[in-house]
Amino acid sequence: ALFIALGAYRLTQLGCWNDGDMWTRSWEPIGIVVFFLCCPPVVPFPICLFVQSIGLTCGGTAYCALMTADTDIHGFKDWNAFAEIRNFLCCHGGRLYFCAPLALQCP
């Protein structure tokens, strides 16, 4: 129930309930809906928690790999798999994402 509440809260933050174009501008609203539709809870054992934990682990690992390679996920027109593998092995995004100074700002 907490995951559903967090998903609905994020959709509200993005403005998906008021703006229909938000569903096509970003992958996040569709990802949230697919995440909940593909793995409904099963009674008596909530197998969705086990399956979702695997999905979140794999998704987090893939996102860290994209950050390490410094991949631009919005510019796929001249995407080259070999160049991305070379960027991943050279850790082009390591200094930018993992070794940058933290800037904590209070509003």
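Reference entry: report on the structure contained in this document. Computed from a predicted model, the values in this text were never measured in an experiment. (Residues numbered from 1 in each chain as written. Predicted model: local features only at pLDDT ≥ 70, side-chain atom pairs only at ≥ 80, totals over all residues. Heavy atoms only, no water.)

1. A few points about the overall build of the chain
Let me state the cut-off plainly: The numbering of helices and of strands both runs from the N terminus, where a helix is a DSSP run of H or I of at least 4 residues and a strand a run of E of at least 2. Note on classification: 1.4 Å probe, protein chains only; a residue is buried when its accessible area is under 20% of the maximum for its type, exposed when over 50%, partly exposed between these limits. Pairs of residues are marked as contacts when any of their non-hydrogen atoms sit within 4.5 Å. The method behind every accessible area is Shrake-Rupley, applied with a 1.4 Å probe, and residues are considered shielded solely by the protein chains displayed.
Scanning the chain from N- to C-terminus turns up 6 helices and 0 strands. The secondary structure elements of the chain, listed N-terminal to C-terminal, are α-α-α-α-α-α. The buried share of the chain, reckoned over its 107 residues, is 19%. Considering only contacts in the chain between residues 6 or more positions apart, those separated by 24 or more positions represent 30%. For the chain, the exposed surface amounts to about 8,700 Å²; the carbon and sulfur share of it is 70%.

2. Here we look at the side chain of Thr 68
Stated formally: Polar contacts, as counted here, are pairs of nitrogen or oxygen atoms within 3.5 Å of one another; within protein the pair requires one atom able to donate a hydrogen and one able to accept it, and residues that are adjacent in sequence qualify only if both atoms are side-chain atoms.
With respect to the element layout, Thr 68 can be found in helix α4 (residues 47-69). Polar contacts involving the side chain of Thr 68 include one to the main-chain carbonyl oxygen of Cys 64, which spans 2.8 Å.

3. Some thoughts on the pattern of salt bridges
For clarity, the cut-off: Any carboxyl oxygen of Asp or Glu that lies within 4 Å of a side-chain nitrogen of Lys or Arg is treated as forming a salt bridge with it.
Under the counting rule described, the total for this entry stands at 2 salt bridges. Note that Glu 28 and Arg 10 form a salt bridge whose closest N and O atoms lie 2.8 Å from each other. Here Glu 28 is found in helix α3 (residues 28-37), whereas its partner Arg 10 is found in helix α1 (residues 2-14), with 18 residues between them in sequence. Judged by its relative accessible area of 28%, Arg 10 is partly exposed. Residues Arg 25 and Asp 19 are paired through a salt bridge, measuring 2.4 Å at the closest nitrogen-oxygen approach.

4. Digging into the packing of α1 against α3
In plain terms, the rule: Geometry is summarised by axes, namely lines fitted to C-alpha atoms with helices restricted to the contacting stretch, and by angles between N-to-C directions that run from 0 to 180 degrees. Any angle between 65 and 115 degrees counts as roughly perpendicular, while under 35 counts as roughly parallel, over 145 as roughly antiparallel, and the rest as oblique. Handedness of each helix crossing follows the sense of rotation of the near helix against the far helix: counterclockwise by less than a right angle gives left-handed, clockwise gives right-handed. In this classification, the charged set is Asp, Glu, Lys and Arg, the nonpolar set is Ala, Val, Leu, Ile, Met, Phe, Trp, Tyr, Cys and Pro, and all remaining amino acids, among them Gly, are polar.
Where α1 contacts α3, the two axes come as close as 10 Å, and the packing angle between them is 160°. By the criterion of interaxial angle, the relationship of α1 to α3 is roughly antiparallel. Taken as a pair, α1 and α3 cross one another with a handedness that is left-handed. Between α1, through Phe 3, Ile 4, Gly 7, Arg 10, Leu 11 and Leu 14, and α3, the contact on the second element is made entirely by Glu 28, Pro 29, Ile 32 and Phe 36. Classifying every residue of the contact of α1 with α3 by side-chain character gives 7 nonpolar, 1 polar and 2 charged.

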